[in-house]
Amino acid sequence: MIETALLISTIILVLLTFVGLYRAVVGPTVEDRIVAINMISTKVTTIIVMIALLFHQKFFVDVAIVYALLGFITTIGLAKLLMKGKLGK
């Protein structure tokens, strides 16, 4: 029962990730695209954790944590680039 609910939720999140991908490509402003990329990163992290629960693999949770950190650092870097026009000092 729980595994079926996890599988259905994972499929729904994958479909919603493609909606976010559409927003990242078509987004009217750069800010919309950055938010869409951040949303995609969060959804993919959640999908990886759900797959870890489905397959009973604890290693996938470590992968999800690293992916979440990379997504966070990317979002911060893009925001800084957008605000200041450069990534350095």
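Anything mentioned here points back to the structure above.
Bear in mind that the values here come from a model prediction, so they are computed numbers and not experimental data.

S.K.: Help me get a handle on helix α3 (residues 59-84), residues and values and all.
M.R.: Given a rise of 1.5 Å per residue, 26 residues ought to cover 38 Å, and the 38 Å separating the end C-alpha atoms of α3 matches this to within 8%. Taken together, the buried positions of α3 are A64, G71 and T75. On its buried face, α3 is in contact with α2 (30-55). Immediately beyond the C-terminal end of α3, within one or two residues, lies G85, with a positive phi of roughly 85°.

S.K.: Quick rundown of the side chain of T45? Include the residues and the values.
M.R.: Locating T45 in the fold gives a position in helix α2. There is a polar contact of 2.8 Å between the side chain of T45 and the backbone oxygen of S41. Excluding anything up to four places from it in sequence, T45 contacts A64, Y67 and A68.

S.K.: Tell me about helix α1 (residues 2-26), and name the residues and values.
M.R.: Look at α1: 36 Å from first C-alpha to last across 25 residues, which is about the 36 Å you get at 1.5 Å a residue. For α1, the complete set of buried residues consists of L6, T10, L13, T17, G20 and A24. Here the buried face of α1 lies against α2.

S.K.: Describe a nonpolar patch on the surface, naming the residues involved and giving the relevant values.
M.R.: Taken together, the side chains of V14, F18, L21, Y22, V25 and V26 present a nonpolar region at the surface, about 570 Å² in accessible area. Position of V14 among the secondary structure elements: in helix α1. Under the relative-accessibility criterion, V14 is labelled partly exposed at 31%.

Analysis parameters
Residues numbered from 1 in each chain as written. Predicted model: local features only at pLDDT ≥ 70, side-chain atom pairs only at ≥ 80, totals over all residues. Heavy atoms only, no water. Helix = DSSP H or I, 4+ residues; strand = E, 2+ residues; numbered from the N terminus. Expected span 1.5 Å × (residues − 1). Buried < 20%, exposed > 50% of the residue type's maximum accessible area, 1.4 Å probe, protein only. Contact = heavy atoms within 4.5 Å. Polar contact = N/O pair within 3.5 Å; in protein donor to acceptor, adjacent residues only side chain to side chain. Patch = residues over 30% accessible without salt bridge, like charges linked within 9 Å, V, L, I, M, F, W, Y side chains within 5 Å. Areas by Shrake-Rupley, 256 points an atom, 1.4 Å probe, with all protein chains shown as cover. Salt bridge = Lys/Arg side-chain N within 4 Å of Asp/Glu carboxyl O.

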